[in-house]
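Here are the chains, one letter per residue:
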Amino acid sequence: MRSLAARLKSVAKHVAPMLRGDKGSRYWLLWAAPLAFLGLFYFYPLLKITAVSFGRGQSGVVAPFVEFLATPSLWKILGFTIWQAALSTGLTLLFGLPGAYLLARYHLPGRNLILAMTGVSFVLPTLVVAAAFNALLGPRGWVNLLLMQLFSLNQPPLHFVNTFGAILVAHVFYNTTIILRVVGDFWAHLDPRLGQAARVLGANGWQTLRRVTLPLLAPAIVSAALLVFIFDFTSFGVALVLGGPRFATLEVEIYNQTVSLFNLPLAAVLSLIQLGCTLTLMVMYTRLNARLARPLSLRPRAYTQHRLIGWRRQLLAWSYLAALLGLLTLPLVGLATRSLARIELLPTGIAFHPTLEYYRELTVNRFNALFYVSPLTSVAISLGYALTTVALALVLGLPAAWALTNRRQAASSQVFEPLLMLPLGTSAVTLGLGFIVALDRPPLDLRASPLLIPLAHTLVAFPFVVRSLTPALSSIKPRLRQAAALLGANPAQVFRFIDLPLIGRALFVAAIFAFTISLGEFGATALVARPEYPTLPVMIYRFISQPGAMNYGKALALSVILSMITAAGMLAIERFRIADIGEF
Amino acid sequence: MTVHSAVEEHLSEIDCMECKGLTVSQVYKRFGEQVALDGISFQVASGEIVAVLGPSGCGKSTLLGVIAGLEKPERGEVCWDGASLNGVAPHRRGFGLMFQDYALFPHQDVYENVAFGLRMTGYSTENMRARVEQVLELVGLPGFPRRDVNTLSGGEAQRIALARSLAPAPRLLMLDEPLGALDRALRERLMLELGEILRNSRQTAIYVTHDQEEAFAVADRIVLMNAGRVLQVGAPAELYRHPASVFAARFLGMSNMLPGRQLSSAQGDFIETPLGVFPLSARQKAGQSGSCTVLLRPDAIMLNSAGACQFQGIVQRISFRGGNSRVFVEANDLQLEFEFPSSMVLPAPQQIVTLSFEPEQALQVFDVSSQ
């Protein structure tokens, strides 16, 4: 890997002619908006957090750090956060890798449907996932109700909610699709002749896997595992609702310190610690990946996939897939059915009544509250924020992706790419906290602005948008643009007739990503949302935290509505997924 | 006058102001430290097909990029009909370029691909359809318009790419290794067809290739390039008969180079080589007397003693190549190779053979400066 100094030097070499107004100036123009956005709404708030944690309080700069160091419970939280993330990542790999293999190497009927179904769980809002597991395994969930009914028990026998296991299961539920996609995609395009060559040279199946296939897959496995780890490490909604008070992650603690205890300096210190951890991980990842990556000639899927032959293999494969789909769909089925049933605990047993009352109740202001916001209004609010986020994320993401794929400027792009991905590694609660401490005075007083939440969501969605667009843009060979120019197309026509049609699908996918991310985002929103404009997840959380069967039912009903909107988006993505390698 | 100095003279004549067609004069282009084009000059007259021939990496594709306006030269000028094109954007030059990998637009069908250039220049739908039909006919693929370009075979894609570049009737069409991606049999067939299509449509064209056979088959004139410089310009037969340098001779497939010394005496001029001393005509003499390199043309050698000059050698190896066979001979510690029709009775390996030639036809002398 090239050293940072060498990189900076090569960037400087590129920057100098740009400043003199040479032809690369258009490249820098592309960067203007995305970098301004990140500077203003990511780096500035982060700096502000740093300033707050260092500069406030009479006891001086170091006080919050001393407080952190002197509080063993905080240490325990940090340790637990790392431990649960590592364990969750290991379990996710264990559960996902066989699936990646199956989907990569075999031509399975319904492959796209399977992938789409696993994808739905990934984009589901954390609160919906928490609610779904609650509906299936919670004290008033289906499994406990059935067990109580069967064995005539008074108490729910199964303790799932507020356990460590609940967090782990939910994390596996969430992130398996990352392994399936990242590793599976790479595996599907890996040249099978490499493995065959090993076999011909006398390696058995296990040796081939260990000595050839796994080393070649290593970059994909490492990058998938890292993504999973980061998501688990910064887990918020899952830990908050399913883990309960005993199992708080750093992210939850930041939220508590901010909202419940108003200890902003300590929250800031915790945010910095969390950011430091994810940054270290990312640096390690780039180093590792540079060492592991090998130039490979990728093959189209049609070439690498075979039919699944033999009943034993078929049985094994399909039982695995059944388990996979079971884990990924049962909670959602539980959620949907539970939202349609009213439960009565009678001395004689349990009575189930099918009902739509939770849904009807969403439109009724029972207590004639003065500042009442109808739950259905929050649907409209969420949709409005989501559409604004889509517009912002595309307007900022398209030029960034465009600049990143400019081959002449590869050196500068190498420096910018990790910068763009930073928000992905920053916890959403930290982002929200940053907005609170930084955007509170003119000229950047956005506390009351309706743009505040879409801006926060755009920050979260931005890396996804860039990631969706760059492969499509870089798959356009520069030759195509040159060919069009030589056939008389001016730059605008080249964009209109060549680039736009070729990235159309990717644009659509990016838009849906931004849309679903905005719909489900909870960490940042929980901090910056104004009480009179709650989003859907905020509304769900309100109902979950209030006691009573009706509030629980309303939370479930809203979760179903939210998950249906996101699922529709995810299915649309699957439908328009970018063409396979080699199909262009 | 030697061939080499004729080239020099030809190059120095080039002047943008008075020419019809394309003029490239003194073009320099560097990539970092690497000099890609080192003072390139040549002309393409209207209606002429010029092949730019050279080994891979000699700067041919960069040259096309400069002419097309995709690359900016550091120095020098590209002119059309005497008017400089420096600073004119690619889409305003009215030139066409057919890429080596064809660069067909994957999201458009055959019709849309071929019609693209017409659409850009504002053709009406009717005229467009007529023109597309016309060029598809010309390349021998009528009835193809609605095919998906991703399903075309190599040969079909090549023809569609040609049709697309021909459709807007560019002032100049450049073809970058147009047959490079095809297999041998297809290449040989298309080579002839391509030349015919270009000639029939009176297309001014630059044909870039590393294959001398292609250049010979297609071009009216050949510009031979190496390491960013023009080595020689001439009609194919002229180039083959009188390569201007050792490099040119080797590149055109003539590899028998002998060390020699030119001698002058009262009886005339002679050349002394390890194979013997042979007479030279005044036309063959190169530069001063003294050390030089002598080319023994492989196609002017007889496998008998009928020629005026003779030498003996041991046959090392015979490599059968279909119609011709290549015979490798060791003579006086020199490794030589000659081509004979396979229908002849060929000697066996290890056999001692007598070879002969007419010095006037078989020898070409290069002075040391033209290496």
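Residues numbered from 1 in each chain as written. Chains lettered and ligands numbered in written order. Predicted model: local features only at pLDDT ≥ 70, side-chain atom pairs only at ≥ 80, totals over all residues.

A short note on the sheet that holds strand β18 (residues 334-341) of chain B
Residues and elements named next belong to chain B.
Right, so step 1: The 5 strands lie next to each other as β15-β19-β16-β17-β18, forming an open sheet whose pairing is antiparallel. Only two strands of the sheet have a single partner each, and these edge strands are β15 (301-302) and β18.
Right, so step 2: Here strand β17 (residues 324-331) pairs with β18 via 8 bridges, running antiparallel. The partner of Phe328 across the bridge, within β18, is Glu337. (Pairing = 2+ DSSP bridges. Helix = DSSP H or I, 4+ residues; strand = E, 2+ residues; numbered from the N terminus.)

As for the pairing of strand β2 (residues 34-44) of chain B
For a regular strand, side-chain orientation follows a simple rule: the groups alternate between the two sheet faces.
Residue and element names in this part refer to chain B.
Right, so step 1: Summarising the sheet, strand β1 (residues 22-31) and β2 pair through 8 bridges and their orientation is antiparallel. Counterpart to Thr23 in the pairing with β2 is Gln43.
Right, so step 2: Hairpin connection between β1 and β2: a loop of 2 residues separates the two successive antiparallel strands, and Gly32 in this loop has a positive phi of roughly 60 degrees.

Here's the deal with helix α10 (residues 205-233) of chain A
Right, so step 1: A rise of 1.5 Å per residue sets the reference length of α10 of chain A, with its 29 residues, at 42 Å; its end C-alpha atoms lie only 35 Å apart and thus fall more than 12% short of the reference.
Right, so step 2: At Ala218 of chain A, α10 of chain A is deflected by roughly 50 degrees, the largest bend along its length, and proline Pro219 of chain A occurs up to four residues later in sequence. (Expected span 1.5 Å × (residues − 1). Bend = angle between axes of the 7 residues up to and from the residue.)

Considering the packing of helix α4 (residues 72-105) of chain A against α10 of chain A
Residues and elements named next belong to chain A.
Right, so step 1: Where α4 meets α10, the closest approach of the two axes is 8 Å, and the angle between their N-to-C directions is 140 degrees. With respect to each other, α4 and α10 are oriented oblique. The chirality of how α4 crosses α10 is right-handed. Facing α4, whose interface residues are Thr81, Gln84, Ala85, Ser88, Thr89, Thr92 and Leu93, α10 presents Ala225, Val228, Phe229, Asp232 and Phe233. (Axes fitted to C-alpha atoms, helices over the stretch in contact; angles between N-to-C directions. Parallel < 35°, antiparallel > 145°, perpendicular 65-115°, else oblique. Left-handed = near helix turned anticlockwise from the far one by under 90°. Contact = placed C-beta atoms within 7 Å.)

Topic: the interface of chain B and chain A
A common way to express how large an interface is: the accessible area buried when the components associate.
Right, so step 1: Listed per partner, the contact involves 18 residues of chain B and 17 residues of chain A.
Right, so step 2: Going through the elements one at a time, β6 (95-98) and α3 (110-120) of chain B are the ones with two or more residues in the side of chain B that touches chain A.
Right, so step 3: Broken down by class, the residue content of the side of chain B that touches chain A amounts to 12 nonpolar, 5 polar and 1 charged. (Nonpolar A, V, L, I, M, F, W, Y, C, P; charged D, E, K, R; others polar.)

A word on the environment of Arg229 of chain B
Residues and elements named next belong to chain B.
Right, so step 1: Mapped onto the fold, Arg229 is located in strand β10 (residues 229-234).
Right, so step 2: Judged by the 16 C-beta atoms lying within 10 Å of it, Arg229 falls in the partly exposed class.
Right, so step 3: On a C-alpha basis, the gap between Arg229 and Gly59 in space is 8.3 Å, while along the polypeptide they are 170 residues apart.
Right, so step 4: Excluding its chain neighbours within four sequence positions, the residues that come into contact with Arg229 are Asp38 and Gly39. (Buried ≥ 20, exposed ≤ 12 C-beta atoms within 10 Å, placed from the backbone.)

Describing unusual backbone geometry
Residues and elements named next belong to chain B.
Right, so step 1: Its identity as a non-glycine residue notwithstanding, Arg202 has a phi of 50 degrees, on the positive side.
Right, so step 2: With respect to the helices, strands and loops of the structure, Arg202 is situated in the loop between α6 (184-200) and β8 (205-209).
Right, so step 3: Taking the C-beta count within 10 Å as the criterion, Arg202 has 11 such neighbours and is therefore assigned exposed.
Right, so step 4: Phi at Asp333 takes a positive value of approximately 65 degrees, unusual for a residue other than glycine.
Right, so step 5: With respect to the secondary-structure elements, Asp333 resides in the loop between β17 and β18.

A closer look at the confidence of the model for chain A
All names here are of chain A.
Right, so step 1: Across chain A, the average pLDDT comes to 80, with 86% of residues at 70 or higher.
Right, so step 2: α4 holds the highest mean pLDDT among the elements of chain A, 90, whereas helix α1 (residues 4-19) holds the lowest, 55.
Right, so step 3: Scored below 50 in pLDDT, residues 17-22 makes 5 contacts in the model with residues more than four places away or belonging to other chains.
Right, so step 4: Here residues 578-584 is modelled with pLDDT under 50, and outside its nearest four sequence neighbours on either side it reaches 15 contacts, counting other chains as well. (pLDDT = per-residue confidence, 0-100.)

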